[in-house]
Amino acid sequence: METADFMPSETVIAGIRKNIEAYEAARASAVRQVRWRVPVFVGLALIAVAVVAWLFNKVADPNEQWVSTPHVFLYVIGFAASILLYFQAVKPATRLQQSFRNTLLPIIFGFIRDVSYQHGERPNSFDRLPREAVGPFNRQSFDDVISGRYDTFPFELYEAELREGTGKGSSTAFKGVIVAFEAIEPFAGILVATRRSNAVVGFFRGVFGSKMQDLQSGDALLDAAYEFRTDNIEAARPLVTGRLAQALRWLGETWRDDPARVALNGSDGFLLLPQGKNFFELPAISVPLDYQTHVAPMISDIGAMLATAALVRKVGARD
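The following refers to the structure shown.

1. Observations concerning the overall build of the protein
- Of the regular secondary structure elements, the protein holds eight helices and seven strands.
- Each of the 319 residues in the protein was classed as buried or not, and the buried ones make up 42%.
- Once local pairs closer than 6 in sequence are excluded, the contacts in the protein between residues at least 24 apart make up 68%.
- Entry remark: accessible area of the protein is about 16900 Å², with carbon and sulfur atoms responsible for 57%.

2. Brief notes about the nonpolar core
- By size, the foremost hydrophobic cluster in this structure holds 59 residues, and its most contacted members are I108, F109, V179, F228, L244, L248 and L271.
- Core analysis: the next-biggest nonpolar cluster, separate from the first, contains 20 residues, F137, V145, Y158 and A180 among them.

3. A short note on a nonpolar patch on the surface
- On the surface, L44, I47 and V51 cluster together to form a nonpolar patch covering roughly 290 Å² of accessible area.
- As for its placement among the helices and strands, I47 is situated in helix α1 (residues 10-59).
- With relative accessibility at 52%, the residue I47 sits in the exposed group.

4. A short note on the environment of A245
- Within the secondary structure, A245 sits in helix α7 (residues 243-254).
- Placed 19 residues apart in sequence, A245 and Y226 show a C-alpha to C-alpha distance of 9.9 Å.
- Not counting residues up to four positions away in its chain, the partners in contact with A245 are S217, L222, L239 and V240.

5. Structural notes on helix α8 (residues 291-312)
- Its 22 residues give α8 an end-to-end C-alpha distance of 30 Å, which sits within 8% of 32 Å, the value for a rise of 1.5 Å per residue.
- The opening residue of α8, the one whose side-chain oxygen lies 3.2 Å from the backbone nitrogen of Q292, is D290.

6. So, the pattern of salt bridges
- Taken as a whole and judged by the stated rule, the model has nine salt bridges.
- With a shortest N-O distance of 3.3 Å, E161 and R163 are connected by a salt bridge.
- Taking relative accessible area as the criterion, E161 reaches 22% and is therefore assigned partly exposed.
- For R196, the salt bridge is made with E227, and the minimal N-O distance between the two is 3.9 Å. Within this pair, whereas R196 is found in the loop between β4 (171-195) and α4 (199-207), its partner E227 is found in strand β6 (residues 226-230), the two being separated by 31 residues in sequence.
- Here E227 falls in the buried class, since its relative accessible area comes to 7%.

7. Examining helix α6 (residues 233-240)
- Every buried residue of α6 is listed here: I233, A236, L239 and V240. Along the axis of α6, the buried residues cluster in a sector spanning 120°; they form a single face.
- Contact partners of the buried residues in α6: β4, β5 (213-215), β6, α7 and β7 (261-274).

8. Concerning the pairing of β4
- Relative to β4, strand β3 (residues 153-164) is paired through 10 bridges, and the arrangement is antiparallel. Within β4, the position partnered with R163 by the bridge is T172.
- Bridge count between β4 and β6: five bridges; the pairing is antiparallel. Pairing of R195 across the sheet is with Y226, part of β6.

Cut-offs and rules
- Residues numbered from 1 in each chain as written.
- Predicted model: local features only at pLDDT ≥ 70, side-chain atom pairs only at ≥ 80, totals over all residues.
- Heavy atoms only, no water.
- Helix = DSSP H or I, 4+ residues; strand = E, 2+ residues; numbered from the N terminus.
- Buried < 20%, exposed > 50% of the residue type's maximum accessible area, 1.4 Å probe, protein only.
- Contact = heavy atoms within 4.5 Å.
- Areas by Shrake-Rupley, 256 points an atom, 1.4 Å probe, with all protein chains shown as cover.
- Core = buried A, V, L, I, M, F, W, Y, C linked by side-chain atoms within 4.5 Å.
- Patch = residues over 30% accessible without salt bridge, like charges linked within 9 Å, V, L, I, M, F, W, Y side chains within 5 Å.
- Salt bridge = Lys/Arg side-chain N within 4 Å of Asp/Glu carboxyl O.
- Expected span 1.5 Å × (residues − 1).
- Polar contact = N/O pair within 3.5 Å; in protein donor to acceptor, adjacent residues only side chain to side chain.
- Arc of directions from axis to C-beta.
- Pairing = 2+ DSSP bridges.

Here it is in structure tokens:
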């Protein structure tokens, strides 16, 4: 499928451009507000700190002026207050951007039927994603969540970051885009194709008694890059040696970052595309929004992802 197949009609593009014009008028107003709010809000905090520090000096020992314990606490509180006031000052801009995203994204993706958009919400399909596709994690966050019906199948597409551990010792289990879709034919169990892990991970997985079994596609290059695991090896073998292998080879040519992952769980299919980029991010409030520069690439990206999902969902289809 070509990206051009997913581009909106001229009527839809005209509607997008009109909404961009409305956004630009509001954006210019918000920028003007931020320009005076930031120096006023932060400046008032700094002035307040300076005045209180001067009052402390009046009663402090001459050797402790500007460096006494009360001064230090005051500087810390003043710094924290300045940060809070900064975010309060730019709130008109951030509020405008998010409200515009809520309006614009459903319009951008007008080729999707029954399209809906959420921000930061837990996707409905996430609990059905096999954990074997991402590995262990104890923290998750979601950014843009887009759902609807493309061609003949419903889907849910979302940006997710899954992490294991806490603080500086945490590690990323997965960061990127997940496309959940309805399989053409349900798979009797769970099947995942993920980037091949190291021998130590495989050893501990065996020690702790995973119910999933490993199998190979028979393609040396593919088996070097991927490991295939399933709880129904007989049902999985014809897929792994057939259409799934073909789909992964195609993905390897088109998705050249961290290898894409695929998971099947009954009637649910999942395409996982590791990526650090935020696909649906609007430019900073200070940057004028342009259709060709900022909007058209979003349409191209989601079109390519849905075309890929449409290919992967055919993996389990009967001839």
